[in-house]
Amino acid sequence: METVQPIAGSGEPVMIASLPERPMDRRLADPSLLAHLLVHELDYHTPCYRQDVESDRHGFRIGRGNMTGWQ
């Protein structure tokens, strides 16, 4: 927990919880995205290029290089 500046007028300090640890160092992918990619790769046998196309359809881009680095 970290204490930051009080809210204006209240005088009470605000406590902020620390961020959870990431599953892999220096990566922005959260655990749910990694789980989704791994399930589609290993359970549904979906290759990276199809997952790349699917992510484009959903409005965000995950490069194949990133996906293969995470898996």
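Note: the structure precedes this text.
Described in the following lines is the structure provided in the data block. Every residue gets a number counted from 1 within its own chain, in the order that chain's sequence is written. Where totals are concerned, whole chains, interfaces and linings use all residues; where local detail is concerned, this predicted model gives features only for residues with pLDDT of at least 70, and gives and counts side-chain atom pairs only at 80 or more. Note that water and hydrogens are dropped before the side-chain values are worked out from all heavy atoms of the structure.

A short note on the pattern of salt bridges
Just to be clear on terms, a salt bridge is a Lys or Arg side-chain nitrogen sitting within 4 Å of an Asp or Glu carboxyl oxygen. On inspection of all chains with the given rule, the structure shows two salt bridges. With a closest N to O distance of 2.3 Å, R61 and D52 form a salt bridge. With a closest N to O distance of 3.5 Å, R64 and D52 form a salt bridge. With R64 in helix 3 (residues 64-70) and D52 in helix 2 (residues 48-57), this residue pair connects regions lying 12 residues apart in the sequence. By definition, any uninterrupted DSSP run of H or I lasting at least four residues is a helix, any uninterrupted run of E lasting at least two residues is a strand, and each is numbered from the N terminus.

A short note on the environment of N66
Within the secondary structure layout, N66 lies in helix 3. For the pair formed by N66 and C48, sequence separation is 18 residues and the distance between their alpha carbons is 9.9 Å.

Remarks on the nonpolar core
Among the nonpolar cores identified, the biggest contains seven residues, and these are A29, L34, L37, C48, I62, M67 and W70. Sorting the residues of this core by element identifies helix 1 (31-43) and helix 3 as the ones contributing at least two each. The contact definition used throughout considers only heavy atoms, calling two residues in contact when any of these lie within 4.5 Å. Residues contacting L34, with those up to four places away along its chain left out, are P23, M24, A29 and W70. Note on terminology: a nonpolar core comprises buried Ala, Val, Leu, Ile, Met, Phe, Trp, Tyr and Cys residues joined through side-chain atoms within 4.5 Å. Relative accessibility decides the category of a residue: with a 1.4 Å probe and only protein chains considered, values under 20% of the type maximum give buried, values over 50% give exposed, and everything between is partly exposed.

Side note on the environment of H36
Tracing the sequence through the fold places H36 in helix 1. With relative accessibility at 35%, the residue H36 sits in the partly exposed group. C-alpha separation for the pair H36 and Q51, spaced 15 residues apart in sequence, amounts to 10.0 Å.

As for the side chain of H40
Along the chain, H40 falls in helix 1. What H40 contacts, discounting residues up to four positions off in sequence, is H45, T46, Q51 and E54.

Side note on helix 2
Every buried residue of helix 2 is listed here: C48, Q51, D52 and S55. Projection of helix 2 onto a plane perpendicular to its axis shows the buried side chains occupying an angular sector of 105 degrees, all on one side. Where helix 2 is buried, its residues meet helix 1 and helix 3. Looking at the residues trailing helix 2, positive phi occurs at G59, about 95 degrees. Note that the arc is defined by the directions from the helix axis to the C-beta atoms.

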